[in-house]
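Secondary and tertiary structure notes
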Amino acid sequence: MGKNFHKPTVSVIGGDKRNIILTELLTDYGYDAVYVDDNEKLISSLNRQVVILPLPITRDGVTLNCKNKIKLVDIICNFHPHTRVLCGGLNKDFTDKLDNKFFDYYNVEQVLTDNAYLTAEATLKLIIENTDSAVVDTKILIIGSGKCGMALAKLLKKIDCNVNLTTRRPAYNVFAFLNNIEIKNTANLADYISEFDVIVNTAPSMVLDSETLSCVDKNALIIELATQCAGVDMDCAKQFGLNAVYAPALPGKYAPASAAKVLFKSINRIILEEFA
């Protein structure tokens, strides 16, 4: 870092509790940082040198992910020309219209890995809260073998749970082999899904449709972790009388302090590289 480096002014906008704590971490580190979540102050805050948008930027594709909904188009046209915009995952519809220099603080390997572990811890808490049996007496199916699926499988295996992991290519899953986790083919879900007490979906595409949900045990718990209910037909699950829980953005809800520390490291690195 250069001797004459002056930390830029920062606005942290919307999101959940982790962004409030993130603002405190930035302030403690010496940044002039403010947290904004209301329309009255939001537009003026876009003139700061760095604006940190929430994770995700939007939940409906139209408005910013903050308490008082403001249209994304109104955000775009009010940035100061020299403001650096830090996004929680890149929304192409948003960034294509953005003239400012922007960065993605979320899709970074270490952030994704740390976030997956926090999601796994929070999911375990959800399982405990929503079932009547001890976790070790529960047969658990995790759909999807991405970072979140693998982190949850590894955590559950550490406490001797009966856990199965699904993937599109079972023969190539070295992780499952090394961790002694039984692997199943996602394509054949309907053939075996009735065996499980808890079903956790991490897959970003529809896997629990009407046909597959009709095979689920009536007493089973379904947890949907995929963004915007991408993998579970929640309306259909309700019609079948199934206990289905949509649980997005778990780190920010269950471990906001830890989640904020993860984001701070990524954001601080971007700012230092850009301004120092």
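In this sheet, strand β11 (residues 243–246) lies alongside strand β10 (residues 221–224) in parallel orientation, the contact comprising four bridges. Its bridge partner lying in β11, L221 is registered against N243. The handedness of the β10 to β11 crossover, carried by helix α10 (residues 234–239), is right-handed.

Another point: the side chain of N19. Relative to the helices and strands, N19 resides in helix α1 (residues 17–28). Here the side chain of N19 touches G14 through a polar contact of 3.0 Å, landing on its backbone oxygen. Discounting chain neighbours no more than four positions away, the residues touching N19 are V12, I13, G14, Y35, P54 and L263.

If you walk through the whole model with that rule in mind, you get 10 salt bridges. Across the pair D32 and R48 runs a salt bridge, and its minimum N-O distance is 3.3 Å. Placement of the pair is D32 in strand β2 (residues 32–36) and R48 in the loop between α2 (39–45) and β3 (50–52), with a sequence separation of 16 residues. One continuous salt-bridge network, built from bridges that share partners, spans R84, K101 and E274.

Each value, and the rule that gives it
- Residues numbered from 1 in each chain as written.
- Predicted model: local features only at pLDDT ≥ 70, side-chain atom pairs only at ≥ 80, totals over all residues.
- Heavy atoms only, no water.
- Pairing = 2+ DSSP bridges.
- Helix = DSSP H or I, 4+ residues; strand = E, 2+ residues; numbered from the N terminus.
- Right-handed = clockwise from strand over helix to strand, strands pointing away.
- Polar contact = N/O pair within 3.5 Å; in protein donor to acceptor, adjacent residues only side chain to side chain.
- Contact = heavy atoms within 4.5 Å.
- Salt bridge = Lys/Arg side-chain N within 4 Å of Asp/Glu carboxyl O.

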